[in-house]
Amino acid sequence: MPRSKRAKLVSLTKVSKKTKEHKNALLAEVQQNADKWKYCWLFEVGAMRNAHLKTVRKLWKDSARIFFGRSAVMAKALGTTVEEEHRLGLHKLATQIKGQVGLLFTDSEPQEVTEWFDDFRQPDFARAGNIASRTVTLPAGPVMRVHSDPPEPFPHNEDPQLRKLGLTTVMNKGVPTLDTPHKICEQGKALTAEQAQLLKLIGEKMVVFRVALKARWDSETGTVVQVESASISPEEAQAGSGEEEDDMSE
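These lines cover the structure that appears in this document, whether it is placed above or below. (Residues numbered from 1 in each chain as written. Predicted model: local features only at pLDDT ≥ 70, side-chain atom pairs only at ≥ 80, totals over all residues. Heavy atoms only, no water.)

## Regarding the sheet that holds strand β6 (residues 141-142)
Taking strand neighbours across the sheet as the criterion, the three strands line up as β6-β10-β9 in an open arrangement whose pairing is antiparallel. Both edges of this open sheet fall to β6 and β9 (169-172), since each of them pairs with a single strand only. One ladder, built from two bridges, connects β6 with strand β10 (residues 175-178); its direction is antiparallel. Directly across from Pro-142, in β10, lies its bridge partner Thr-177. (Pairing = 2+ DSSP bridges. Helix = DSSP H or I, 4+ residues; strand = E, 2+ residues; numbered from the N terminus.)

Written out as structure tokens, the structure reads:
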């Protein structure tokens, strides 16, 4: 009997070596950018979504370099003590690298950076476990997609899915219809998987991706300035849990 192609031995030493090389490459790249740019910003993300972070990367592609994820590696690259810091003052920034945070290296002046990120907001759909930011109730009548312009009712072939998600619909002239109002979620309570899916189907976006700047390092003076901007709440951070962008950005 021929040996199955699936029956292969994978050397764990090779896997570890590749991971170590990846971390070393990231460490070196962070340090190279610390030498290149005038400012280094520490930021945190609310309602993390890879697609929106990629949009930020794209919009800043020609004027900045962004790293996100692998906090321990980024902190080590900057140096967490005076003796280990890569450049003067960087240890003050490195000791703040915890949780879902990233680094943005740029020559753009602070006012331009803060104004841009203050304005950047991207609404998105909540996920199971997220806290409902408002109460959403479907009125009696045809079940409508609120994201369409103008809003339109669900087609008849989606009625089984609506029922599976908890709606007690009836067919009225080929349209899924509610005889009585249905509360999908209540403000302040965690969403179930069914509730999150229903909100997505009707087009209700309940979380907002945003970037909050925490601190800024100035390469000319070695000073680190804390930024007084709206910080990410625990609920916002939790809304993006489980999704982390690869730190080796394009």
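## Observations regarding the layout of surface pockets
Of the voids in this model, the second largest pocket is the one considered here, and its volume is about 150 Å³. Arg-49, Asp-124, Phe-125, Ala-126, Arg-127, Ala-128, Ala-193, Ala-196, Gln-197 and Lys-200 together form the lining of the second largest pocket. Sort the elements by how many residues they give to the lining of the second largest pocket and helix α7 (residues 193-202) lands first, with four residues. Its residues placed into classes, the lining of the second largest pocket shows five nonpolar, one polar and four charged. (1 Å grid on protein atoms, 1.4 Å probe; cavity = no way out; pocket = protein on both sides within 12 Å on 5 of 7 lines; lining within 4 Å. Points joined across faces, edges and corners; volume = space filled by probe spheres on them. Nonpolar A, V, L, I, M, F, W, Y, C, P; charged D, E, K, R; others polar.)

## Points about the pattern of salt bridges
This structure, assessed with the given rule, holds 10 salt bridges. Residue Glu-186 is joined to Lys-183 by a salt bridge in which the shortest nitrogen-to-oxygen separation is 3.9 Å. Looking at Lys-183, the relative accessible area reads 48%, which means it is partly exposed. Note that Lys-189 and Glu-186 form a salt bridge whose closest N and O atoms lie 3.5 Å from each other. Ionic contacts of the salt-bridge type, sharing partners, join the residues Lys-38, Glu-109 and Glu-220 into one network. (Salt bridge = Lys/Arg side-chain N within 4 Å of Asp/Glu carboxyl O. Buried < 20%, exposed > 50% of the residue type's maximum accessible area, 1.4 Å probe, protein only.)

That's the geometry; what it means functionally is another story.
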